[in-house]
Amino acid sequence: MRATVASWQGAVSVRLWHDGEADTDMVEVSLAPWHGAGDTVPLYAGPVSGVTLRAIGAGGRCGGCKAALRRCLCEPVEG
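Reference entry: report on the structure contained in this document. No experiment lies behind these values; they were computed from the predicted model shown. (Residues numbered from 1 in each chain as written. Predicted model: local features only at pLDDT ≥ 70, side-chain atom pairs only at ≥ 80, totals over all residues. Heavy atoms only, no water.)

1. What about the sheet that holds strand β2 (residues 10-19)?
Each strand in a sheet pairs with another by means of backbone hydrogen bonds, the pair being arranged parallel or else antiparallel.
Stage number 1. The antiparallel open sheet is built from four strands, whose spatial order is β1-β2-β3-β4. At either end of the open sheet lies a strand with only one pairing partner, and these are β1 (2-7) and β4 (41-47). The average angle at which neighbouring strand axes cross in this sheet is 10°, direction not considered.
Stage number 2. Strand direction decides the pairing type here: strand β3 (residues 24-32) and β4, joined by six bridges, are antiparallel. Residue pairing across strands places Leu-31 opposite Val-41, the latter belonging to β4. (Pairing = 2+ DSSP bridges. Helix = DSSP H or I, 4+ residues; strand = E, 2+ residues; numbered from the N terminus. Axes fitted to C-alpha atoms, helices over the stretch in contact; angles between N-to-C directions.)

2. Quick look at the pairing of β2
Stage number 1. Summarising the sheet, β1 and β2 pair through six bridges and their orientation is antiparallel. When the sheet's bridge partners are listed, Val-5 is paired in β2 with Val-12.
Stage number 2. Hairpin connection of β1 to β2: two residues between the antiparallel strands.
Stage number 3. Sheet topology note: the β2/β3 ladder contains nine bridges and is antiparallel. Directly across from Ser-13, in β3, lies its bridge partner Ser-30.
Stage number 4. Hairpin connection, β2 to β3: the antiparallel pair is bridged by four residues, and Asp-23 has positive phi, about 50°.

This is the structure in structure tokens:
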């Protein structure tokens, strides 16, 4: 499921899906451009429950080890 909520200054985009392998509902939340305004800025990627929140740095990379989120080796932070 995808949803986008927009203003004249940009938008917030949410993608929600079920990861069958991990049996967990996952989400990606980011700022997104809208009609030429705003930037793409990843805000969160992980379980909907937020149990293992991970900081996201520039370019959608892990805030700790700076790897792409799919290759992040950081320990999860208990939320």
